[in-house]
Amino acid sequence: MERFGEHYLEERKLVKRWSGPIPALVSLLLTLTVFYATWWIFQDPRGLMRMYTPYIGYMYCRWWLIMMIWMVYIFDFWPFKRKWLETAHPLVKGTVLTLISVAILLALVKGFFEGFLGNYGLAYFNPEQLEKLDGITSFFAAEYSALAILMFAAIASWLSPAWVVAMENAPWNKMPQPARGFSILTITFFLSTIVYFVTMHPHMGILYHPWQYFTSIAPPYWEKFADTVSGNFHVSWIMCCTVVVWLVETIWERYPFNLIKNNWLRRFATFFGIILIALAMHFFLYFAQELTWGEAIRGTRRAFSPDWRWLHVGEMAIFFLVPALFLAFYCDNWPKKFSMPVNVATRTIVCLVAAVVLYIAYYKTSHLFLGTQKGFSHPQQFPMIPTIWLINIWLAHHWFMDNWPAWKMVPKTAHEIEADHNAARARIDDIRFTPKFVTGIGAGLAIGVLFYVVTVWALPGLYEIIDIIPKN
Amino acid sequence: MSEKLKRRDFLKGAITGTGIGVLGAMGAYSYSGARKALFSKAERNMTDIGTCKSVKVTNISETSWFDNQTLVGDIKGAGGLLVDQYSYNWAPFGNGTGLGKGSYADGIAMIKQYLPHDLDKAWEIAQANSVNPDNAGGYSCLLEVEELDGNKRKFLLDSGWSYKWMDECFKREGIDKMLENREIEALFISHEHFDHYWGLPVTMKYDPTITIYIPEGFYPEGKQYIKDAGHTGKLIEVKNGLCKQIPGMASYVFPIPIICRVYGEQSLYFNIKDKGLVSVTGCCHQGIIRFAETAYKEIKYENDQCHGIYGGLHISPFDDWDPKYDDLVISLERYGFERIGCNHCTGVLCAKKFISAGYPVIEGTARFRSKDKAYLGNGDTITFG
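The following paragraphs examine the structure supplied in this document. Going along each chain's sequence as written, the residues are numbered from 1 onward. Going through the entries in the order they are written, you letter the chains from A and number the ligands from 1. Confidence filtering applies because this is a predicted model: local features only for residues at pLDDT of at least 70, side-chain atom pairs given and counted only at 80 or more, and all residues used for totals across whole chains, interfaces and linings. Values reported for side chains reflect all heavy atoms of the structure, with hydrogen atoms and water molecules removed beforehand.

Description of the sheet that holds strand S2 (residues 54-61) of chain B
Residue and element names in this part refer to chain B. One open sheet holds the seven strands; their spatial order is S7-S6-S5-S4-S3-S2-S15, and the pairing between them is mixed. Edge positions in the open sheet fall to strand S7 (235-238) and strand S15 (381-384), since each of these has one partner strand only. The sheet shows a mean angle of 20° between the axes of neighbouring strands, direction not considered. Here a strand pair is declared whenever DSSP counts at least two bridges between the two strands. Put simply, DSSP marks the helices as runs of H or I at least four residues long and the strands as runs of E at least two long, and each gets a number from the N terminus on. With three bridges joining them, strand S5 (residues 184-188) and strand S6 (residues 211-215) adopt parallel strand pairing. Residue Leu187 lies in a different strand from S6, and its bridge partner there is Ile212. A contact between two residues is defined here by any heavy atoms of the two lying within 4.5 Å. Axis definition: a line fitted to C-alpha atoms, limited for helices to the stretch in contact. Angles are taken between N-to-C directions and run from 0 to 180 degrees. With respect to the sheet, helix H5 (residues 163-173) is in contact with S2, strand S3 (140-146) and strand S4 (152-157), its orientation differing from that of S2 by roughly 135°.

Okay, structure coming up:
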């Protein structure tokens, strides 16, 4: 039976063309060049298409990410045959698959959201419908519509990969493509719709005057808890979920959830574990802003308003994802020589440090070359757009082009695949619930809490020392 | 089991436990009420800026542009809100190449020789080469500060945009004569935006020697424009933070990024004897609540009372809306302002929401092309004190 791209990513062997870190550096240089060229063409406010309005560019950026996830993770490259995936030149594959992802993207945004939903269901998905309302300019009609569509994307970019990573494609994991792909697409789209209605729809419902009491809960139910009526509160934790899914999948190798032997228990533990970790991140990154910039003040603008602080939580989280994906895609998920917990911890620390460095570098310099504005909190300053744009390019390069030209793809032999599976099992079996392990966990819990306390204590002082840019 | 294996098991457990411990603490404590115990109470600097008896604001013009659709259509066509304002090809810097293709250098080269003595000619050229020049209006107001001894001092806040419109407005309110007679001490530029700043030659036409205060953060084109507009007086670039001006009056520069590639805004505080704090703003991009909170932290003012606001509050300048603006409408009550004169970039919708919420909005007369009585409009005045 044709396997299409089932397990293609695990069953390909990427062979470095040069030794040492050269392939990673070449790939970084190449992808950054493509990033900057495409940024100028599509997004840059000084460039050709100037889609960074910001929401229009952001919408396409987010949905393009999901298109690639659908094609690779959910549909296993269907309808492309395995033979073609293994033999076509990476440039040909990259071009064909990227163009298809863009075609689906346009069909989804223009056809499904704006054309179908926007004309026959919810007017706010269609700019032309919004323009019919009194006082709404065409620019903001397009922005509001793009905002709604991208908010849906934020949820889908969490749930689509989560079903594969956490739920392991169950209960359709044995079903052939494309039936499995359509099943997972249906369930994730369905769940995204539900989450959208209880998180983002109330935000859209109060975007107009008067508040749309009859169609959405107004003021939204989270107002007191989040100290804002803005849906950015949800953008924050959902963004964290998206980031955590990929951390679990890449640098964490699904640890520690992969220690759970029972299939369904492991799947649910992973799915809800991702949400819990994301919530921890969501609350901590908000708290970190309070510790460094001071308490948020409801009703004000920019860096002191709760709605922006929640948005910035998501922005900070994405800075963590960038080094994690680079490590996984171009550094072979270094290191691998230790036990799984040590590998995972090392990668996490490396990514944390890299994320902080990237964050500082971004806010110190990005306005000099991205055409954006200096400062943390400009209403049109969305670091998620360039970072996700770069991630998109990495996904296309890694998934569609096998890291060409610095790597060469060679299909693994059956023996190599078997050896990989055995090694993966061995890494899990290496973790034994011995009395010492349990004692270690107890000691680790105390160390973890202490580390948190020290971090909270040190953050304000550290921030003062670094002083990235003026704090307003 | 060997000791080595036991140590390795312990290490694996400890690392795993550390991760769980950190995440657990992050989740349990970070947004709990207990965290607030760690926040230091804001220390008040209580800087004494003195007091004045009253301040009267005359709205010279609050209509920065006359048609929202046209302006926002230009912004959309040029590539959005982050595009450099000098490249929109708006008057007076139009170079005839169309939307989004302009530059300061090209635009000023066409009109510089006429600044500031022949603004009719300069604007005529600008009209011929710019995108939608007749949509340009401008923001400017006259401030008359009465000191405790009854002495009155005059200042201008901003100089608008269109040479033609601002000249008409200056004449309508007698600003031209005040400038010619050197009655106005200084021009405060709130920020570099086209609608507040590009009308600078109109002020220069009547008094090129006037002292100008600009906030830190102007771009090179903006600084060059002061020279090109014919200014011969003193130029003061005000650093970020508080700057005392005269007894009872201070400016405050906020280092904030603003749309259309502008950075930094200067707003004004007045401490009115027996009344309290009055805030006068150009656009208030920093947000009115941030402005009030900054005053609370930095300044000593009468009765610890926020008495009044005048100006653009930059909430929905393009009649757009966002739930975060509702946060402002809901929260403003806490600050207890007693007189609110809002216009310009506040957004008519927002002014109406203020009125619906029961805030003391001083309504205007909707004359001279001001849109709605919810705004304190062109030619209207408001006195604090």
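Thoughts on the packing of helix H11 (residues 232-249) of chain A against helix H13 (residues 306-330) of chain A
Residues and elements named next belong to chain A. Here H11 crosses H13 at 10°, and the two axes come no closer than 7 Å. Between H11 and H13, the crossing angle belongs to the class labelled roughly parallel. On H13, the residues that touch Asn232, Phe233, Val235, Ser236, Met239, Cys240, Val243, Trp246 and Leu247 of H11 are Asp307, Trp310, Leu311, Val313, Gly314, Ala317, Ile318, Phe320, Leu321, Ala324 and Leu325. Its residues assigned to classes, the contact of H11 with H13 shows 16 nonpolar, three polar and one charged. An angle below 35 degrees is treated as roughly parallel, one above 145 as roughly antiparallel, one from 65 to 115 as roughly perpendicular, and anything else as oblique. Amino acids are sorted into nonpolar (Ala, Val, Leu, Ile, Met, Phe, Trp, Tyr, Cys and Pro), charged (Asp, Glu, Lys and Arg) and polar (every other residue, Gly among them).

A look at the nonpolar core
The nonpolar side chains of a soluble globular protein tend to be buried, and buried together. If you look at the biggest cluster of nonpolar residues, it comprises 263 residues, and the most contacted ones within it are Trp63, Trp158, Tyr196, Trp399 and Phe400 of chain A together with Tyr225 and Phe354 of chain B. Residue contributions to this core peak at 21 residues, all from helix H7 (residues 138-165) of chain A. Not counting residues within four places of it along the chain, the set of residues in contact with Phe354 of chain B comprises Leu313, Ile315, Val329, Leu332, Cys342, Thr346, Tyr359 and Val361 of chain B. Among the nonpolar cores identified, the runner-up in size contains 25 residues, and Val55, Phe188, Tyr310 and Phe384 of chain B belong to it. To form a nonpolar core, buried Ala, Val, Leu, Ile, Met, Phe, Trp, Tyr and Cys residues must be joined to one another through side-chain atoms within 4.5 Å. Only protein chains enter the accessibility calculation, which uses a 1.4 Å probe; a residue is then buried when its area is under 20% of its type maximum, exposed when over 50%, and partly exposed in between.

Examining the state of the cysteines
Counting rule for disulfides: a pair of cysteine sulfur atoms within 2.5 Å. A full pass over the atoms with the stated rule returns zero disulfides over all chains. Not engaged in a disulfide, the cysteine Cys331 of chain A finds its nearest cysteine sulfur in Cys351 of chain A; these two sulfurs lie 9.2 Å apart. Assessed through its relative accessible area of 27%, Cys331 of chain A is described here as partly exposed. Distance from the sulfur of Cys52 of chain B, which forms no disulfide, to the nearest cysteine sulfur (Cys141 of chain B) is 15 Å. Residue classification places Cys52 of chain B among the buried residues on the basis of a relative accessible area of 0%.

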